[in-house]
Amino acid sequence: MSHHLVDFIDVSYSYLDGNKAIENLNARIHHGEAVGIVGANGAGKSTMLKLLVGILMPEQGEIRLGDLPVTKKTLSIVRQTVGFTFQDPEDQLFNITVYDDVAFGPRNYGLDEKEVEKRVVSALQTVGIEHLMHRAPYKLSGGEKRAVSIATVLSMEPNVLAMDEPTAALDPKSRRRLIELLQGFKHTKLIATHDLDLVMELCSRTIVLKDGRIEYDGPTAEIMKNTLLLEQCGLEQPLMLQGCPICRQK
Ligand SMILES: Nc1ncnc2c1ncn2[C@@H]1O[C@H](COP(=O)(O)OP(=O)(O)OP(=O)(O)O)[C@@H](O)[C@H]1O
Ligand SMILES: [Mg+2]
């Protein structure tokens, strides 16, 4: 399944104001891998994912999905292959109803309305928000918007999921449902997040970014034990490894 390979090849990116957000980034992600992308605020996580889906184009280097380079010409195939959820769900939702937002991708593929409806209902059921189908996205709560934004991507049935802070604003039950959903998604997953417990549960590999550079790329179990490197990168061990503060007091 080489076409599902995700390759960042010596990628650098600066924003228009000259801010270098990603520097000489190299990473190859194989089909079926689940990779956590972590790092302090401003480390470059969102920029890395936006480069992957061609929202931003590298100033140097190349990104490939298997044989397919991510360029302006290939954007429509890239977007069908990689389902991307924005850090801020408001960037994802622009239709009048939740239904239309979730139907947007499948309609763009030219699927007939019956198939579109099947996909919309299934995606909404998966994230547990069928009851919001006819609501206006901009009138929803933060967590509900997050769930809709995830549904907009699931309805496209992508081969790669690239999610930016997917658990932010989710209540514990919705977060658990999302983790189970992602565990069931057997294709490639790239998850940028501050939720290191999520990474522990879901991702066997972790990339740690610091100032736009990769500080660590390897097994999640290793980095989560390396408190020194975590601290140097502005991170803390996941709560599940920190022990119970109440028990410790005894
Ligand atoms: N539109 C922009 N214009 C200029 N600089 C930007 C822009 N967006 C991000 N940056 C800068 O690029 C760098 C990387 O930002 P990015 O949003 O990728 O970080 P992040 O790791 O996702 O952070 P967070 O955890 O806060 O979401 C930061 O220095 C940030 O200030
Ligand atoms: Mg971000």
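Definitions and cut-offs
Residues numbered from 1 in each chain as written. Chains lettered and ligands numbered in written order. Predicted model: local features only at pLDDT ≥ 70, side-chain atom pairs only at ≥ 80, totals over all residues. Heavy atoms only, no water. Near = heavy atom within 4 Å. Polar contact = N/O pair within 3.5 Å; in protein donor to acceptor, adjacent residues only side chain to side chain. Areas by Shrake-Rupley, 256 points an atom, 1.4 Å probe, with all protein chains shown as cover. Helix = DSSP H or I, 4+ residues; strand = E, 2+ residues; numbered from the N terminus. Nonpolar A, V, L, I, M, F, W, Y, C, P; charged D, E, K, R; others polar. Donors = N, O, S within 2.8 Å, 3.2 Å for Na, K, Ca; no water. Buried < 20%, exposed > 50% of the residue type's maximum accessible area, 1.4 Å probe, protein only. Axes fitted to C-alpha atoms, helices over the stretch in contact; angles between N-to-C directions. Parallel < 35°, antiparallel > 145°, perpendicular 65-115°, else oblique. Left-handed = near helix turned anticlockwise from the far one by under 90°. Contact = heavy atoms within 4.5 Å.

Enquirer: What exactly am I supposed to notice about the site of ligand 1 here?
Expert: Around ligand 1, the surrounding shell holds 14 residues, and the nearest of these are Gly42, Lys45, Ser46, Thr47 and His194. With respect to ligand 1, the side chain of Asn41 contributes an N or O atom lying 3.0 Å from an oxygen atom. For ligand 1, the protein covers 66% of the area, taking 640 Å² as the surface of the free molecule. If you tally residues by element for the shell around ligand 1, the top one is helix H1 (residues 45–52), at three residues. Tallied by class, the residues present in the shell around ligand 1 amount to four nonpolar, eight polar and two charged.

Enquirer: What is the right way to read the coordination of the magnesium ion (ligand 2) from this model?
Expert: Geometry reference: four tetrahedral donors at a metal, ideal angle 109.5 degrees. Six octahedral donors, ideal angles 90 or 180 degrees. Summarising the metal site, the magnesium ion (ligand 2) is bound by the protein donors Ser46 (OG) and Gln87 (OE1), whose distances to it range over 2.0 to 2.1 Å. Placement of the pair is Ser46 in helix H1 and Gln87 in the loop between strand E6 (82–85) and helix H3 (98–108), with a sequence separation of 41 residues. Residue class for Ser46 comes out buried when judged on its relative accessible area of 18%. Owing to a relative accessible area of 40%, Gln87 belongs among the partly exposed residues under this scheme.

Enquirer: In this structure, what is going on with the packing of H3 against helix H5 (residues 142–154)? I would like to understand it.
Expert: The angle between the axes and the distance between the axes are what describe a pair of packed helices. The geometry of H3 relative to H5 is characterised by a closest axis approach of 7 Å and an angle of 30° between their N-to-C directions. Comparing the axis directions of H3 and H5 gives the class roughly parallel. Judged by the twist between their axes, the crossing of H3 over H5 is right-handed. Counted together, Val98, Asp101 and Val102 of H3 and Val148, Ala151 and Thr152 of H5 form the full contact between these two elements. When its residues are assigned to classes, the contact of H3 with H5 shows four nonpolar, one polar and one charged.

Enquirer: Is there a simple way to think about the environment of Tyr13 in this case?
Expert: Mapped onto the secondary structure, Tyr13 falls in strand E1 (residues 6–14). Residues Tyr13 and Gly212, spaced 199 residues apart in sequence, show a C-alpha to C-alpha distance of 8.8 Å. Among all residues touching Tyr13, those that are not within four sequence positions of it are Asn19, Lys20, Ala21, Ile22, Thr47, Leu51, Leu56, Met57, Pro58 and Glu59.

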